[in-house]
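# Observations on the three-dimensional arrangement
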Amino acid sequence: MALEHKNLKTSDISHREGLLSELDDLAVLPAPYDANGLEPDFKPAKPEWAKTNCCSVDGMCAIDTMKRPETKAEEDELCRKFLAGLEKLFEDANGKYMQPLSLTMEYCAKCNTCSEACHIYLATNGDEAYRPIFRADVLRKLYKKHFTSSGRLLGSIAGCDVDLNWETIARLGELAYRCNLCRRCAQVCPMGLDNGMLAREIRKIFSMELGLAPTPVHDKGTQLQLKVGSTTGLSKAALLDTLEFIEEDIEERTGRKIKFPVDKKGADVLLMHNAGEFLAWPENPAAFAILLDEAGVDWTLSSDMMGYDSVNYGIWYDDVQAKSVAMGQFEAAKKLGVRRIVVGECGHAHKASVVGADRMADSAQRGVPVESFLPMMAELVRVGRLKFDPSKNDFPVTLHDPCNIVRQMGIVEPQREILRAIAPRFREMTPHGVDNYCCGGGSGFAIMSSYNFGNFRDKVSARVKFAQIINAFPDEFEDKDTVKYVCAPCSNCKGTIRDILKVYKATKTYNVQYGGLVELMVNGLASMERPYLEFL
């Protein structure tokens, strides 16, 4: 890494020509990837991208909708709107976030404990641009310069040495999308500060004040969901057709005739899936149906426009979008009169509907309690309503802990209780539980591939996770004849792990497979006559 990048200063964000980071000194992956030549190169940015978008952080572009101003007047208007949004972060309207944001802005001790916890900082071998407090310091200096007396009067003498221009705003926006919002930094901070939340607050300025957010997250994400019911574009009619197809597939694969209960009034459980499962991994909702049918659970799906997709991308970047989606989902549950909503294998949906919802509406407005599928499944295993033959899963299994379920909700033991009952060769990643590293696809990265941003996910933000996967199978990784299973009970995590296993040719070369938890449970059911996992 060039010395100029190691010694990057916050003031460089305004005027430094070229890139803030060359991404030329990534952490070395464990064997065999330290020498097998299977790691792909970065795809170079096309010169025309930099003419219209911001690619000057590291050659990648996350916010594809952010276009370079064509006139000085346009740049001035952008700066005005940015400052208006920055000011609003510290007003009463942002009350649910204002206190932790203020504490993070005011009390950082610069101890860099957060940096050592950040998987992106570690993946880049300590590149200054990815230090969690770098973007925080930029925001801190901008606020002090424009909204405090000392900053207005003394400027750089008071430490306010960041100028406000297009380059500053664009680079800061891009840096907010070099953070997975996993909040591992917040967990280790001795002052209790939250640089992950601060990155999300920067994203809010861009979306809620400047109208700028990545297309896959906003236009093809939240807006599409509010229009047709799902971020996948899956309509009600298409959902019902898909469910019929999955029912036929269940019968063909298992011999079981199972019907998905849809719009069942007064059911105990409304199960909500990430709708991407229906299309990309239909074996996952099928596995839920098999398990709930065998256990005799009173459950249903909803076909309401906002009731069959648990996704809520707004939780990553925009409070208004998040609340619009969440309240639509609660209304769908109230229409059916169910006793509870159970969220399936989607990490951010857990955070949005269980943790985030209490910042959006009180319990009376929500109307229906929400919980994770994990404690429910663990209870079904514990009391014997699901019976297993662990020998059916006699291959190495490791567990990825989704940040939003484990670190942010504290659900650590139920999934392990299940795995100990069904997978005799289960082993932990290092570290694991609340200390586990993000998959690298959190906060939108899993679906963001505009321009060359998929490169950043696959080679940088997912790098530490891939190293964890390799290290989880020290004796078996290079044995092509041994199936190795990465259990990832989260749709976005699965998508990221799928991508890195493909990019690094780990499935093709070393037989590393991936999937959810419920598929592994079905594969281990004593009542199953043949394997459920297709690679067996």
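Everything below is about the structure printed above this text.
Residues numbered from 1 in each chain as written. Predicted model: local features only at pLDDT ≥ 70, side-chain atom pairs only at ≥ 80, totals over all residues. Heavy atoms only, no water.

### Points about the overall build of the protein chain
Regarding its fold elements, the protein chain presents 26 helices and eight strands. Computed over its C-alpha atoms, the radius of gyration of the protein chain comes to 23 Å, within 12% of the 24 Å expected for a compact globule of 536 residues. Projected onto the principal axes, the alpha-carbon positions of the protein chain cover approximately 75 × 55 × 45 Å. Considering the protein chain as a whole, with its 536 residues, one finds that 61% of them fall into the buried category. Sequence separation of at least 24 residues holds for 79% of the intrachain contacts in the protein chain that already meet a minimum separation of 6. (Helix = DSSP H or I, 4+ residues; strand = E, 2+ residues; numbered from the N terminus. Rg over C-alpha atoms; globule rule 2.2 N^0.38 Å. Buried < 20%, exposed > 50% of the residue type's maximum accessible area, 1.4 Å probe, protein only. Contact = heavy atoms within 4.5 Å.)

### Some points on the pattern of salt bridges
Inspection of every chain in the model, using the stated rule, returns 42 salt bridges. Of the charged contacts, one joins Asp 161 and Lys 141 as a salt bridge, the two residues approaching to 3.0 Å between their closest N and O atoms. One end of the pair, Asp 161, is in the loop between α9 (149–154) and α10 (166–176); the other, Lys 141, is in helix α8 (residues 132–147), and 20 residues separate them in sequence. Here Asp 249 ties to Arg 253 by a salt bridge, and the two come within 3.6 Å at their closest N and O atoms. In this pair, Asp 249 and Arg 253 both sit in helix α14 (residues 236–254), four residues apart, roughly one turn of the helix. Looking at Asp 249, the relative accessible area reads 24%, which means it is partly exposed. On the basis of relative accessible area, Arg 253 is assigned to the buried category, the value being 17%. Linked through salt bridges whose partners overlap, the residues forming this network are Arg 200, Glu 201, Lys 204 and Asp 319. (Salt bridge = Lys/Arg side-chain N within 4 Å of Asp/Glu carboxyl O.)

### Remarks on a negative patch on the surface
On the surface, Asp 241, Glu 244, Glu 248, Glu 251 and Glu 252 cluster together into a patch of negative charge. Mapped onto the secondary structure, Glu 251 falls in helix α14. What makes Glu 251 partly exposed here is its relative accessible area of 35%. (Patch = residues over 30% accessible without salt bridge, like charges linked within 9 Å, V, L, I, M, F, W, Y side chains within 5 Å. Areas by Shrake-Rupley, 256 points an atom, 1.4 Å probe, with all protein chains shown as cover. Lys, Arg positive; Asp, Glu negative; His and termini not counted. Charge placed at Lys NZ, Arg CZ, Asp CG, Glu CD.)

### With respect to the packing of aromatic side chains
Two measures describe an aromatic ring pair: the distance that separates the ring centres and the angle between the ring planes. For the structure on display, the rule yields 19 aromatic pairs. Consider the rings of Tyr 33 and Tyr 510, whose centres lie 5.9 Å apart with planes at 65°: the pair is edge-to-face. Taken together, the residues Tyr 33 in the loop between α2 (12–15) and α3 (47–52) and Tyr 510 in helix α25 (residues 506–510) connect sequence positions 477 residues apart. Residue Tyr 33 shares its accessibility class with Tyr 510, and that shared class is buried. Aromatic pair Phe 477 and Tyr 510: ring centres 5.1 Å apart, planes at 40°, arrangement tilted. In this pair, Phe 477 is assigned in the loop between α23 (463–472) and β7 (484–487) and Tyr 510 in helix α25, connecting sequence segments 33 residues apart. The side chain of Arg 359 reaches across the aromatic face of Tyr 97, ending 4.8 Å from its centre. Looking at Lys 459, its charged tip hangs above the ring of Phe 42, at a distance of 4.7 Å from the centre. (Phe/Tyr/Trp six-rings, centres within 6.5 Å; stacked < 30°, edge-to-face > 60°. Lys NZ or Arg CZ within 6 Å of the ring centre and 35° of its normal.)

### Things to note about the packing of helix α5 (residues 95–106) against helix α12 (residues 195–209)
The contact between α5 and α12 brings their axes to 10 Å, and the two run at 115°. The angle between α5 and α12 falls in the class roughly perpendicular. The crossing of α5 and α12 is left-handed. Contacts between α5 and α12 involve Tyr 97, Pro 100, Leu 101, Thr 104 and Met 105 on the former and, on the latter, Asn 195, Met 197, Leu 198, Arg 200, Glu 201 and Lys 204. Looking at the contact of α5 with α12 residue by residue, the class counts come to six nonpolar, two polar and three charged. (Axes fitted to C-alpha atoms, helices over the stretch in contact; angles between N-to-C directions. Parallel < 35°, antiparallel > 145°, perpendicular 65-115°, else oblique. Left-handed = near helix turned anticlockwise from the far one by under 90°. Nonpolar A, V, L, I, M, F, W, Y, C, P; charged D, E, K, R; others polar.)

### Topic: the packing of helix α13 (residues 218–228) against helix α17 (residues 319–336)
One way to put it is that α13 packs onto α17 with a least axis distance of 9 Å and a crossing angle of 35°. Considering how the two elements wind past one another, α13 and α17 form a crossing that is left-handed. Contact with α13, carried on its side by His 218, Thr 222, Gln 223, Gln 225 and Leu 226, involves Gln 321, Ser 324, Val 325 and Gln 329 of α17 and no other residues of that element. The residue makeup of the contact of α13 with α17, split by class, is two nonpolar, seven polar and no charged.

### Here's the deal with the sheet that holds strand β5 (residues 397–399)
Strand order in this open sheet of four strands is β6-β5-β7-β8, and the pairing throughout is parallel. Of all the strands in the sheet, just β6 (426–427) and β8 (512–515) have a single pairing partner and so form its edges. Where β7 meets β8, four bridges bridge the pair, whose relative direction is parallel. Bridging across to β8, Lys 484 finds its partner in Val 512. (Pairing = 2+ DSSP bridges.)

### Structural notes on the sheet that holds strand β4 (residues 370–372)
Pairing is parallel across the open sheet formed by four strands, whose spatial order is β2-β1-β3-β4. Strands at the two margins of the open sheet, each flanked by one partner only, are β2 (299–300) and β4. Here strand β1 (residues 269–272) pairs with β2 via two bridges, running parallel. Residue pairing in the sheet places Leu 270 in a bridge with Thr 300 of β2. Against the sheet, helix α18 (residues 347–355) touches β3 (340–343) and β4, its axis set at about 150° to β4.

### Side note on the pairing of β3
Two elements, β1 and β3, share four bridges in a ladder whose sense is parallel. Looking at the pairing, Val 269 lines up with Arg 340 of β3. The pairing of β3 with β4 spans three bridges and is classified as parallel. Residue pairing across strands places Val 343 opposite Ser 372, the latter belonging to β4.

### Notes on the environment of Val 434
Mapped onto the elements, Val 434 comes out in the loop between β6 and α22 (453–461). Spatially, the C-alpha atoms of Val 434 and Leu 38 are 31 Å apart, while their sequence positions differ by 396 residues. Not counting chain neighbours up to four residues away, the residues in contact with Val 434 comprise Gln 187, Val 406, Arg 407 and Val 412.

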